[in-house]
Amino acid sequence: MYYIIYGLVYLLSILPFWVLYGLADFLFIIIYYVARYRRKIVRKNLCNSFPEKSEKEIKSIERKFYRWFCDYLFETFKLLSISDKNLLKHIDFVGLEGLEDAFDRGQDCATILGHYCNWEWLSATGLGYKRHPEAITGLIYHRLRSKAMDRLFLKLRNAHKGFCVKKAYTLRTVVRLKKENKRNMFGYISDQTPKWDNIHLWLDFLNQDTPVFTGGERIMRMMDNAVFYVDMRRTKRGHYVANFIPITLHAKQTDEFFIVRQFFSMLEQSIRREPQFYLWTHNRWKRTREEYEMRMKQKNDSPNQSSD
């Protein structure tokens, strides 16, 4: 199955961008009007995030999102065959000198980002380094249910100097690289929905009470990373700018949850600027504080719990 999928995706990837975007326009009609892929979730997320917008505005953002989402799929497939040189014509990396300054100091870096614009293309960040081309671009990933698709996306993400690491092995990997004196930057996509037992902080994000991941910040503080937020913009179809904005140059010196709070504040600014480029199909607000508190109460009241 993997080789069949790989062959089909590779054939698509070698097509020029203008052909891929023609296919994306056709796919938009299929998934938006025919399959109506996750439209109820998207509409709910948009309405709750932007209560000040009219129905007409919400529908406009919705259609623009689905058009971009189809573009994103084919742009991601393009990673399989596009050359490094050609890819750099389609994405500009701004602010990488800040990361390289940290490398000069013998310090490793972390970037924190959301599912905004084409985050898959950030696997090529290492192509933008001038003084430290050897620096490792670490990509933390969750295994996909389909083994074939999981193997394909590993291939895509490793195609342009990416270095994929399973989430469970993140800490041991960054510690090992530090011991080996190999400079690295790990990217943390930190806007997913945490599991119930991993909820340690709630924030107001896009007008909604939102449980957030904090594990990435703990690793950043432990390693005393220089931390950067990646603010992506789509300047035109097939062209992006990734701006690396410092959050802190010494994570260890920050208060608990400072990095997470800054990240969500900056991500919300990016989304409000151009909301159509956020991944609205994800059921991000499926967990509520009320259910969380009920679950925690039941857990604490369980007879299996040891008493102090």
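Scroll up for the structure.
Residues numbered from 1 in each chain as written. Predicted model: local features only at pLDDT ≥ 70, side-chain atom pairs only at ≥ 80, totals over all residues. Heavy atoms only, no water.

Asks: Talk me through the nonpolar core; I want residue IDs and the actual numbers.
Replies: Judged by nonpolar contacts, the single largest core of 89 residues is most densely connected at Leu99, Ile271 and Trp280. If you tally residues by element for this core, the top one is helix α4 (residues 55-78), at ten residues. Once residues lying within four places of it in the same chain are set aside, the contact partners of Trp280 are Ile41, Val42, Asn45, Leu46, Ser49, Phe50, Phe65, Leu206, Ile271, Pro275 and Trp285. Trp196, Ile199, Trp202 and Tyr292 belong to the second-largest nonpolar core, a separate cluster that totals five residues. (Core = buried A, V, L, I, M, F, W, Y, C linked by side-chain atoms within 4.5 Å. Buried < 20%, exposed > 50% of the residue type's maximum accessible area, 1.4 Å probe, protein only. Helix = DSSP H or I, 4+ residues; strand = E, 2+ residues; numbered from the N terminus. Contact = heavy atoms within 4.5 Å.)

Asks: Quick one: what's the story with the environment of Gln208, residue by residue and with numbers?
Replies: Note that Gln208 resides in strand β7 (residues 208-211). The buried category is assigned to Gln208, whose relative accessible area is 11%. Residues Gln208 and Gly95, spaced 113 residues apart in sequence, show a C-alpha to C-alpha distance of 31 Å. Not counting residues within four places of it along the chain, the set of residues in contact with Gln208 comprises Asn45, Asn48, Ser49, Leu203 and Trp285.

Asks: Go over the side chain of Asn225 with me, naming the residues and quoting the values.
Replies: By the secondary structure assignment, Asn225 is in the loop between α9 (215-223) and β8 (226-236). In contact with Asn225, other than residues within four places in its own chain, are Gln107, Asp108, Cys109, Ala110, Ile219, Met220, Thr248, Leu249, His250 and Ala251.

Asks: Can you break down the environment of Leu156 residue by residue, with the values?
Replies: Looking at where Leu156 falls in the secondary structure, it is placed in helix α7 (residues 147-158). Residue classification places Leu156 among the buried positions, given a relative accessible area of 0%. Considered as a pair, Leu156 and Glu217 are 61 residues apart in the sequence and their alpha carbons are 26 Å apart. Beyond its immediate sequence surroundings of up to four residues, Leu156 is in contact with Thr76, Phe77, Leu79 and Leu80.

Asks: I'd like to hear about the packing of α9 against helix α10 (residues 258-273), residue by residue, with values.
Replies: Look at α9 against α10: their axes get within 9 Å of each other, and the N-to-C directions meet at 125°. By the angle between their axes, α9 is oblique relative to α10. The hand of the α9/α10 crossing is right-handed. In contact with Glu217, Met220 and Arg221 of α9, α10 contributes Phe258, Ile259 and Val260. The residue inventory of the contact of α9 with α10, partitioned by class, reads four nonpolar, no polar and two charged. (Axes fitted to C-alpha atoms, helices over the stretch in contact; angles between N-to-C directions. Parallel < 35°, antiparallel > 145°, perpendicular 65-115°, else oblique. Left-handed = near helix turned anticlockwise from the far one by under 90°. Nonpolar A, V, L, I, M, F, W, Y, C, P; charged D, E, K, R; others polar.)

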